[in-house]
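# Architecture and fold: a report
As a plain string of letters, each chain reads:
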Amino acid sequence: MYTDKDISRLRFIRRAQTMKFSLTEMGELLQFREDPTGAKALVRQMALKKLSAIEKQIEDLRTLRNELRPLVSLCAQSKDNCPIIEGIDRYKAHEGLGTQAFLSYVEHPNRVHHR
């Protein structure tokens, strides 16, 4: 049988998992939860670090979305080839290109593209 304290701890862990805290970070958060004296600054620092990582992930996902949308559109217009497969194949060789240059390259592979 679980006590109210156990259930509260499990809920805390589950919420920390949802917030993408690692097992190590969750252990630290649980320690701070048990003894919060002086923990505020450290917990805030952990949360800021996590927030920064999440914002980077959001930025990366937006970039991917902006790359995939035109490829999907090109795919619908293409009769013979698959621009999505070609775009994925070409990306490795052109990783330094910005999104617009990359998409231009996918649409017009024979043109000269500057990095």
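For the structure given in this document, a descriptive report is provided here.

Cut-offs applied
- Residues numbered from 1 in each chain as written.
- Predicted model: local features only at pLDDT ≥ 70, side-chain atom pairs only at ≥ 80, totals over all residues.
- Heavy atoms only, no water.
- Axes fitted to C-alpha atoms, helices over the stretch in contact; angles between N-to-C directions.
- Helix = DSSP H or I, 4+ residues; strand = E, 2+ residues; numbered from the N terminus.
- Parallel < 35°, antiparallel > 145°, perpendicular 65-115°, else oblique.
- Left-handed = near helix turned anticlockwise from the far one by under 90°.
- Contact = heavy atoms within 4.5 Å.
- Nonpolar A, V, L, I, M, F, W, Y, C, P; charged D, E, K, R; others polar.
- Core = buried A, V, L, I, M, F, W, Y, C linked by side-chain atoms within 4.5 Å.
- Buried < 20%, exposed > 50% of the residue type's maximum accessible area, 1.4 Å probe, protein only.
- Polar contact = N/O pair within 3.5 Å; in protein donor to acceptor, adjacent residues only side chain to side chain.

## Focus: the packing of helix α2 (residues 23-34) against helix α3 (residues 40-77)
Relative to each other, α2 and α3 sit at 150°, their axes nearing to 11 Å. One element, α2, and the other, α3, form an angle in the roughly antiparallel class. For α2 against α3, the interelement crossing comes out left-handed. Note on element contacts: α3 touches α2 through L42, V43, M46 and K50, opposite E25, E28, L29 and F32. Of the residues in the contact of α2 with α3, the class split is five nonpolar, no polar and three charged.

## So, the nonpolar core
Counting residues in hydrophobic clusters, the biggest one holds seven residues: A16, F21, M26, L29, F32, A39 and M46. Excluding its chain neighbours within four sequence positions, the residues that come into contact with F32 are A39, L42, V43 and M46.

## Concerning the side chain of E25
Among the structural elements, E25 can be located in helix α2. With a relative accessible area of 15%, E25 lands in the buried category. In this structure the side chain of E25 is engaged in a polar contact, spanning 3.2 Å, whose partner is the side chain of K50. Among residues more than four places away in sequence, those in contact with E25 are K20, M46 and K50.

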